[in-house]
Amino acid sequence: MKDFREQNYYELLEVTVHASQQEIEDSYRQARRAFASDSVATYALFSPEELVLLRRRIEEAYRVLTDAERRRLYDRELSRLDSTQWPDGETPADTKQQEQRADEQRQQQEQEPDNEDQPRLPLVESKPPPPADEVAEVDPVVTEPAEPVESEPVESEPVESEPVESEPVESESAEPESAEPKSGEPKSGEPETVVLESTKPEPVGPESVAPPAGPALPRVEKTESGPATDAPSAGEAASTRQEEQLPPLPRIDDDTPIDGELLRRVRLARGLELERIAEITKISIYYLRNLEIEDFTNLPARVYVRGYLKQLCSILELDASRIVDAYLARLDAGGGREGEG
Amino acid sequence: MNEGEGSSAERRRQRGSGQRSERATMIAVGGGKGGIGKSLLTANLGVCFARSGKRVVLVDADLGGANLHTCLGIDLPAASLSDFVQRRVANLEDVVVDSGIDGLGLISGAQDFLGSANIKYTQKLRTLRQIRRLQADVILLDLGSGTSFNVLDFFLSSHLGIVIIVPEPTSLENSYRFLRSAFYRLLHHRESARPFLEIIEQAMLPNNDKAIRTPHDIIRLVGRMDPERGDRYRAWLSSFRPLLVVNQVRSPEDAELGPAVLLACRKYLGIELDLLGHIDYGDNVWQAVRTRTVLMMQDVESPVTQRIWHVARQIEKRMESLEVAGRERLKL
C-alpha cells in the first residue's frame, strides 16, 4: 500500500488495470462519498489540504480512466514507466522546475516540514524537458499536450475554445474536476512529454498546483453541468471571457496591506465568483466571505483558516508565503470588522 | 514423526493446566474510546461463542475501569485479575469465576488499586503468558480505552484484534490514533536496531519534529536508510489487519461508515481493516444492562441480536482461517 500521493490512477480508485467502466464508476462513487468534506470517516485523519488534493486526484483518475482514449494513453505511459528506472528516484527536470520546487517547498515548510528529500517516484517521463513556461511541470495530472483527446465521457464541454495564447487569464488550476491542461500551441508529433501523476515529488498542499509565477496557461474548462452549447454557461462566463472585462489585478508590493479586501480584489480580477471557489475548494462560502469581509469572529479555528488561505492563494495565484502569514497576523491582532458581517 | 507430534499435542491438551498448551484463540476488543460498547459487545460475543459450544473466558483487561461483570449481570466477583497481578493468587485459572452462563467464565477486572492501569512490564508479561494458557477455546479480552502501552500490547498479543467505532467524530479520532499507535508499537517490538527505534519513537510523539504522521512516513524514512528493512516494514504493515465493527448504528448513512472507514484507513494509514459488520443502536441493549441480563440470552430476535450473531459468525470464520494459516501474532 502506497501513500495516496504516490498512487497511480488505478491504485487511487482501487481497481485493477482491467477494470470495467462499471467497476470504475462504482469505485469512484464510493471514494467520492468516503472523502466528501462532510464525511466522518476522514475525521482526524486527513488535513483539509490533503483531502482537497486527494479528491482532486480521484476526480482526475476517474476522468482519465473512464475515457477510453485517455485511458489507453495512460496505460501506455504506465507500462513505459514500469520499465524505466530513475536513479534514486530522481526525475529529470529542468532547472526552472527545480527552482520552483524549492520555492514551493519553502512555502510549505511550515506545514509539511518533512518532505525535503522524499524519494521521488519515477513519475515523469520527459524525453525533452518541457518548455519552461508550460504548466505541465506543476500540474499533478496527466498532461497530454500533443494528441488531441477530446472525448469526455460524461459531460459536454462548453467550447472548443479558440487557441488562447499564454497570458494569465483565469485560474482554474485547482479545479478538481476538469482542466485537462492544454498547451497553448497545438504541437505535433507523439506525446513525448507525458506527466503521470504528480510531476512534483511532493504534491502536498494545495499550493503545489499553483501555477508558476509567470504566465499561467489557459485551459479549456469542462464542466459537469455545462450545456452542450457553443457559448459558455453563465457560471463559466467569467473564466472563459476575455481579460479586459475584468478589473485590473491589484499590485502587491511591500506596503500593500494583506487583508480581506485584497483577497476580494484579486478574486474579482481573476473573474472568480465566491461560489466557484467554494465549489473548487469545498470551503464553505460562508467562511470564504468572512475571510474577505474580515469577520474574524465567524471563522473556524486558526489552523483551518491557514489551510483555507493556502487553498485560496493557490486558486488566486497568489504567493502563499506572502499572504498567509500576513493575513493570519492580522487575524491575530484581532482587527477586522468583528460581528459586522 | 507426524503421529508422534499429533499425540503429544493431544496429551498436552489433556494435561489440564499444562504449562505450554496455548490452544485458545485470543481476541482483543478495543477501539481507543470509552463508552462505545466494548464491554457490552465483548459480553454478548462471549455468549454467542459459548452458545455455539465453545469454552469461553472473558477477561476484563480494562485495568482501572472494569465493568464486564455488570454487562453479564452478575455482582462484582470476589476474585479478580488484581489478585493475580498482585501475586495473591499464583495461577490465573483460579480467578476465573462462573458467569452463570454455560461455558462462559469471567476474569473480573482489577478494581482495587489505582496503579493497576500501569502494571509493570514484567507483570504484564506474566499476565499475558497465563492468559494465553487459560483452558478455553476462545479468550475475549475487553481492553481499556486510550493508547497506553498496556492496552496496545494486549491488543497486539491477541490472535485477532477488534476495533469498535461508533458513528461519531470523536470515536474515529480515537480509533485512528489507536490503530496508528498499535502499528508503531508493533514496529517497536519487532525492531531492535537503535537508529530505527528512534524513528519509531519519534513517530509515537504526536507532534514529532520529523513530521511522521503515517506508517508510510516511517517506511519512507527507514527505507531510505535501509531499503530491505523498509520492505520488511511494508510487509508488516500489510499483514497488520485489525477487525472492525461499527456499533450504535442509527441510520442507513451510519451503516455506510464501515466501508468508508476502510477506504480512508487504507488510503491514509495504509492499514487494511477487515470489516465484520455493524450493530444497530437499540434500546433493548441498555435495558438489558439495567435489568441485569445479557441481551443475547433474553432477546433472540431483535435486529441488534441478529447483528451480533452475524459478527460472531464472521469472527468464527476468521478463527478457522487462523487455524489453517497458523497463528502469527506478537509474542511478548
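Numbering of residues starts from 1 in each chain and follows the order in which that chain's sequence is written. Chain letters and ligand numbers both follow the written order, the letters beginning at A and the numbers at 1. In keeping with the model being predicted, local features are shown solely for residues with a pLDDT of at least 70 and side-chain atom pairs are shown and tallied solely at 80 or more, while totals for entire chains, interfaces and linings include all residues.

Chemist: Explanation requested: the overall build of chain A in the structure shown.
Modeler: Counting its secondary structure elements, chain A contains 11 helices and 2 strands. If you list the helices and strands of chain A from N to C, you get α-α-α-α-α-β-β-α-α-α-α-α-α. To sort residues by exposure, count the other C-beta atoms lying within 10 Å of each residue's C-beta; 20 or more gives buried, 12 or fewer gives exposed, and values between give partly exposed, all with C-beta atoms placed from the backbone. By residue count, 43% of the 341 residues in chain A fall in the buried class. Each helix corresponds to a stretch of at least 4 residues labelled H or I by DSSP, and each strand to a stretch of at least 2 residues labelled E; elements are numbered beginning at the N terminus.

Chemist: So what exactly am I meant to see when it comes to the pairing of strand E8 (residues 274-280) of chain B here?
Modeler: Residue and element names in this part refer to chain B. Counted residue by residue, E8 has 5 buried out of 7 residues, so it is predominantly covered. Pairing between two strands requires that DSSP report at least two bridges joining them. By the bridge criterion, 5 bridges tie strand E7 (residues 243-249) to E8 in an arrangement that is parallel. Directly across from Leu244, in E8, lies its bridge partner Leu275.

Chemist: Before we go on, may I ask you to explain the confidence of the model for chain A in this structure?
Modeler: Interpretation of the predicted coordinates at a detailed level should be avoided for regions scoring low in pLDDT. Residue and element names in this part refer to chain A. Each residue carries a pLDDT score, the predictor's confidence in it, ranging from 0 to 100. Of the residues in chain A, 50% have a pLDDT of 70 or more, and the chain-wide mean is 65. Across residues 84-103, where pLDDT falls below 50, the model places 25 contacts with residues more than four positions away in sequence or in other chains. Each residue is represented by a C-beta atom placed from its backbone, and any two residues with such atoms within 7 Å are regarded as in contact. Low pLDDT (under 50) marks residues 108-243, which in the prediction has 264 contacts with non-local residues, meaning those over four places away or in another chain.

Chemist: What should I look at first to understand the pairing of strand E4 (residues 104-107) of chain B in this one?
Modeler: Consecutive residues of a regular strand have side chains that alternate between opposite faces of the sheet. Residues and elements named next belong to chain B. Burial along E4 is two-sided: Leu104 and Leu106 and Gly105 and Ile107, pointing in opposite directions, are all buried. Both strand E2 (residues 56-61) and E4 contribute to a ladder of 4 bridges, which runs parallel. Among the inter-strand pairings, Val57 is bridged to a residue of E4, identified as Gly105. In the sheet, strand E3 (residues 96-101) pairs with E4 via 4 bridges, with the strands oriented antiparallel. If you follow Asp98 over to E4, its bridge partner there is Gly105. Following E3, the chain reverses through 2 residues before pairing antiparallel with E4; Gly103 in that reversal takes a positive phi of roughly 80 degrees.

Chemist: Looking at this structure, I do not really get the environment of Arg71(A). What am I missing?
Modeler: Residues and elements named next belong to chain A. Within the element layout of this structure, Arg71 appears in helix H4 (residues 68-82). Taking the C-beta count within 10 Å as the criterion, Arg71 has 20 such neighbours and is therefore assigned buried. In this structure, the C-alpha to C-alpha distance between Arg71 and Ala61, residues 10 residues apart in sequence, is 9.4 Å. What Arg71 contacts, discounting residues up to four positions off in sequence, is Val64 and Leu65.

Chemist: Just checking my understanding: could you explain helix H2 (residues 38-51) of chain B for this structure?
Modeler: In an α-helix, one full turn covers 3.6 residues, which means residues spaced three or four apart are oriented alike. All names here are of chain B. Multiply 1.5 Å by the residue count of a helix minus one, and that product is the helix's expected span. For H2, spanning 14 residues, the distance from its first C-alpha to its last is 20 Å, which sits close to the expected 20 Å at 1.5 Å a residue. Burial within H2 is extensive, with 13 of its 14 residues counted as buried. Of the residues flanking the end of H2, it is Gly53, one or two places downstream, whose phi is positive at about 90 degrees.

Chemist: Help me out: how do you make sense of the sheet that holds strand E6 (residues 160-165) of chain B in this one?
Modeler: Backbone-to-backbone hydrogen bonds pair the strands of a sheet. The strands run either parallel or antiparallel. All names here are of chain B. One open sheet holds the 8 strands; their spatial order is E3-E4-E2-E5-E1-E6-E7-E8, and the pairing between them is mixed. For this open sheet the edge positions go to E3 and E8, each flanked by a neighbour on one side alone. The mean angle between the axes of side-by-side strands here comes to 25 degrees, regardless of whether they run parallel or antiparallel. Between N-to-C directions, angles span 0 to 180 degrees; the directions come from axes that are lines fitted to C-alpha atoms, helices contributing only their stretch in contact. Sitting on the sheet, H2 is in contact with strand E1 (25-30), E2, E3, E4, strand E5 (138-143), E6 and E7, with an inclination near 170 degrees to E5.

Chemist: Looking at this structure, I do not really get the packing of helix H2 (residues 21-34) of chain A against helix H12 (residues 257-268) of chain B. What am I missing?
Modeler: In a pair of packed helices, the angle between the axes and the distance between the axes together describe the arrangement. Contact geometry for H2(A) and H12(B): axes closest at 9 Å, N-to-C directions at 90 degrees. The pairing of H2(A) with H12(B) is recorded here as roughly perpendicular in orientation. Contacts between H2(A) and H12(B) pair Gln30(A), Ala31(A), Arg33(A) and Ala34(A) from the former with Pro259(B), Ala260(B), Leu263(B) and Ala264(B) from the latter. Note on angle classes: values under 35 degrees are labelled roughly parallel, values over 145 roughly antiparallel, values of 65 to 115 roughly perpendicular, and the remainder oblique.

Chemist: Which parts of the structure should I look at to understand the packing of helix H9 (residues 215-225) of chain B against helix H10 (residues 227-239) of chain B?
Modeler: Residues and elements named next belong to chain B. At a minimum axis distance of 7 Å, the contact between H9 and H10 shows a crossing angle of 160 degrees. Viewed along their axes, H9 and H10 adopt a mutual orientation that is roughly antiparallel. Here H9 contributes Pro215, Ile218, Ile219, Val222 and Gly223 to the contact with H10, which in turn contributes Pro227, Arg229, Gly230, Tyr233, Arg234 and Leu237. Only Asp, Glu, Lys and Arg are considered charged, only Ala, Val, Leu, Ile, Met, Phe, Trp, Tyr, Cys and Pro nonpolar, and every remaining residue, Gly among them, polar. Looking at the contact of H9 with H10 residue by residue, the class counts come to 7 nonpolar, 2 polar and 2 charged.

Chemist: I'm lost on the environment of Leu68(B) in this one. Help?
Modeler: Residues and elements named next belong to chain B. Considering the arrangement of structural elements, one finds Leu68 in helix H3 (residues 68-71). Residue classification places Leu68 among the buried residues on the basis of 26 C-beta atoms within 10 Å. Separated by 40 residues in the primary sequence, Leu68 and Ser108 place their C-alpha atoms 6.9 Å from one another.

Chemist: So what exactly am I meant to see when it comes to unusual backbone geometry here?
Modeler: A negative phi holds for most residues other than glycine; trans holds for most peptide bonds. Backbone geometry at Arg87(B) places phi at a positive 65 degrees, although glycine is not the residue there. For Arg87(B), a count of 9 C-beta atoms within 10 Å corresponds to the exposed category.

Chemist: Hey, could you run me through helix H5 (residues 121-132) of chain B in this one?
Modeler: All names here are of chain B. The end-to-end C-alpha distance of H5, which contains 12 residues, comes to 16 Å, matching closely the 16 Å that a straight helix rising 1.5 Å per residue would cover. Where H5 is concerned, the buried positions are Thr127, Leu128, Ile131 and Arg132. Down the axis of H5, the smallest arc covering the buried residues is 130 degrees, so these residues share one side. Close packing links the buried residues of H5 with E1, E2, helix H4 (81-85), E5 and helix H6 (149-157). Here, the arc refers to the directions that run from the helix axis to the C-beta atoms.

Chemist: Could you clarify how one ought to interpret the environment of Leu331(A) in this entry?
Modeler: Residues and elements named next belong to chain A. Inspection of the secondary structure puts Leu331 in helix H11 (residues 320-332). Classification of Leu331 by C-beta neighbours within 10 Å gives buried; the count is 20. Remark: the alpha-carbon pair of Leu331 and Asp295, spanning 36 residues in sequence, is separated by 9.4 Å. Sequence-distant contacts of Leu331, defined by excluding residues within four places in its chain, comprise Phe296 and Val305.

Chemist: Would you mind going over the nonpolar core with me for this structure?
Modeler: A general feature of soluble globular proteins is that nonpolar side chains tend to end up buried together. Definition of nonpolar core: a set of buried Ala, Val, Leu, Ile, Met, Phe, Trp, Tyr and Cys residues joined via C-beta atoms within 7 Å. Membership of the largest hydrophobic core comes to 126 residues, with the highest contact counts inside it found for Leu13(A), Ile27(B), Ile139(B), Leu140(B), Leu141(B) and Val245(B). Excluding residues within four positions of it along the chain, Val245(B) makes contact with Leu41(B), Ile162(B), Ile164(B), Leu276(B), Gly277(B), His278(B), Ile279(B) and Val311(B). Membership of the second largest hydrophobic core comes to 21 residues, among which are Val266(A), Leu288(A), Leu318(A) and Tyr327(A).

Chemist: Explanation requested: the confidence of the model for chain B in the structure shown.
Modeler: Residues and elements named next belong to chain B. Mean pLDDT over chain B works out to 86, with 89% of the residues at or above the 70 mark. Confidence over residues 1-20 falls short of pLDDT 50; this stretch has 9 contacts with residues more than four positions distant or in other chains. The complex prediction reports pTM at 0.61, with the ipTM value standing at 0.78.

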